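# Per-entry structural report
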Amino acid sequence: MQQFGIDIEKEVLEEALKRYDAFDDPSNPVPLSKIEDDCFVCELYHSPTRAFKDMALQPFGYVLSKLAQKRGEHYLIMAVTSGDTGPATLETFKDQEGVQVACLYPEGGTSDVQRLQMVTEDAANLKVIGVKGNFDDTQNMLKELLASEEFKAELAERNIKLSAANSVNFGRIIFQIIYHIHAYLELLRKNEIRMGEKIYLVVPSGNFGNALGAYYAKKAGLPIEKILISSNSNNILTDLITTGSYDLTSHTLIQTESPAMDILKSSNVERIFCDKFGPTRTKELMNALESEGKYQLTSEELASLARRF
Ligand SMILES: *Cc1c(COP(=O)(O)O)cnc(C)c1O
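Once a new chain begins, its residue numbering starts again from 1 and follows that chain's sequence as written. Whole-chain, interface and lining totals are the exception, using all residues; otherwise, since this is a predicted model, local features are given only for residues with pLDDT of at least 70 and side-chain atom pairs are given and counted only at 80 or more. As a rule here, side-chain values cover all heavy atoms of the structure and leave hydrogens and water aside.

### Observations concerning the site of the ligand
Where we set the bar: Whether a residue is near a molecule or strand depends on its heavy atoms: if one lies within 4 Å, it is near. Within 3.5 Å is the distance limit for a polar contact, defined as a pair of N or O atoms, with the added protein rule that one can donate a hydrogen and the other accept it, and that residues adjacent in sequence qualify only through two side-chain atoms. Areas reported here follow the Shrake-Rupley algorithm with a probe of radius 1.4 Å; residue values treat only the protein chains shown as occluding. For every domain, the bounds stem from an assignment made automatically or drawn from a database.
Taken together, the residues surrounding the ligand are Phe 52, Lys 53, Asp 84, Ser 205, Gly 206, Asn 207, Phe 208, Gly 209, Asn 210, Ala 260 and Met 261. Here an oxygen atom of the ligand sits 2.5 Å away from a polar atom, N or O, in the side chain of Lys 53. Here an oxygen atom of the ligand sits 2.9 Å away from a polar atom, N or O, in the main chain of Phe 208. The protein chains hide 84% of the 390 Å² of surface that the ligand would expose on its own. Taken domain by domain, the makeup of the shell around the ligand includes at least three residues from each of domain 1 (48-169) and domain 2 (176-306).

In structure tokens:
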């Protein structure tokens, strides 16, 4: 955390990490289980809401609320969810001082259990709103609000600052680096690998936050051979990594049994591009996506992307 130059006191961070004590087994919050000889699962769901989103949102919620209290500030946290982020966000911020949450979800786009997890949360600082549209529509609304000067001015008048609970918020990504490193260390502790031995990380992806965490873990030195991205039938990321083409116009969102991955506009891909190709080229690609609904990487760019993914 300190390597990222984040201005958070050590004590606050330590308290934040204690949130993992509320997981099923505080001494082993993220068990690594063996499937077969060389295949393991990092079980990220032994958490308060059963969504792996708790991994990042639990400590992040604590840190943000502490910051608000210390600075005497009030935050409005906006979240959009296709099912898992919502319950995890509401759970981490409920009754936390200095923070209010407004959570948007696509009506019909989440499971019933997830909808109930959200609409039955009972705390004065939480608000849950169903949106008529799919996840991408809902996320677009959030992004527009976050960028809106008018909205920010109105909040400023009431002395409220705006923040996001989704992985568009980098604070969340930081906590998503840790468990990839943890998984590697568990493999070492169990004598399944030697120090320095490379592993493949298989990451189910939607908004690419989890994969981005793995990317940074690799950049920080974790011996990862490749990050394998898995998609459901909304496989726009598969296209990107195999052909270099990102084309919204040739895909329509399909509702599947894994709604957390029913995403076509994958937010964090932009961060990978920015890191690899620089801000100018990234803006060019993102502008093309906005105006034409698609972009195409050059063969060099594709090769560079496919080396990691
Ligand atoms: C959030 C989520 C994903 C997608 O993760 P990203 O970081 O957005 O790529 C996949 N599966 C489940 C169960 C999730 O909760």
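Structure's up, so let's keep going.
### Topic: unusual backbone geometry
Going by this rule: Numbering of helices and strands runs from the N terminus; a helix is a DSSP stretch of H or I covering at least four residues, while a strand is a stretch of E covering at least two. A 1.4 Å probe rolled over the protein chains alone gives each residue an accessible area, and that area as a share of the maximum for its type sets the label: buried under 20%, exposed over 50%, partly exposed in between.
The phi dihedral of Asn 159 is positive, around 65°, even though this residue is not glycine. Looking at the element boundaries, Asn 159 is found in the loop between helix H6 (149-157) and strand S6 (160-164). Of note in this structure, Asn 191 is not a glycine but carries a positive phi near 60°. By relative accessible area, which is 68% here, Asn 191 ends up exposed.

### Quick look at the packing of helix H1 (residues 10-17) against helix H2 (residues 54-71)
When two helices pack together, their arrangement is given by the angle between their axes and by how far apart the axes lie. Rules: Orientation is described by axes fitted as lines to C-alpha atoms, over the contacting stretch for helices, and by angles from 0 to 180 degrees between their N-to-C directions. Handedness of a crossing is defined here by the sense of rotation of the near helix relative to the far one, left-handed for an anticlockwise turn of less than a right angle and right-handed for a clockwise turn. It only takes one pair of heavy atoms within 4.5 Å for two residues to be counted as in contact. Classification convention: Asp, Glu, Lys, Arg as charged; Ala, Val, Leu, Ile, Met, Phe, Trp, Tyr, Cys, Pro as nonpolar; all other residues, Gly among them, as polar.
It is at 8 Å that the axes of H1 and H2 come closest, and there the two elements cross at 145°. For the pair H1 and H2, the sense of crossing is right-handed. Contact residues: H1 offers Val 12, Glu 15 and Ala 16, while H2 offers Pro 59, Tyr 62, Val 63 and Lys 66. Each residue belonging to the contact of H1 with H2 can be placed in one class, and the counts come to five nonpolar, no polar and two charged.

### Some details on the nonpolar core
Condition: Residues belong to one nonpolar core when they are buried, are Ala, Val, Leu, Ile, Met, Phe, Trp, Tyr or Cys, and are joined through side-chain atoms within 4.5 Å.
Core analysis: the biggest nonpolar cluster contains 40 residues, and Leu 240, Tyr 246, Phe 273, Tyr 295, Leu 297, Leu 305 and Phe 309 have the highest contact counts within it. Going through the elements one at a time, helix H7 (170-189), strand S7 (199-204), helix H8 (209-219), strand S8 (224-230), helix H9 (236-243), helix H10 (269-277) and helix H11 (279-292) are the ones with two or more residues in this core. For Phe 309, the contacting residues outside a window of four places in its chain are Phe 208, Ala 211, Tyr 215, Lys 226, Ile 227, Ile 229, Ile 241 and Ile 272. Core analysis: the next-biggest nonpolar cluster, separate from the first, contains 31 residues, Leu 44, Val 63, Val 99 and Tyr 105 among them.

Without other data, these values stay purely geometric and don't point to any function.
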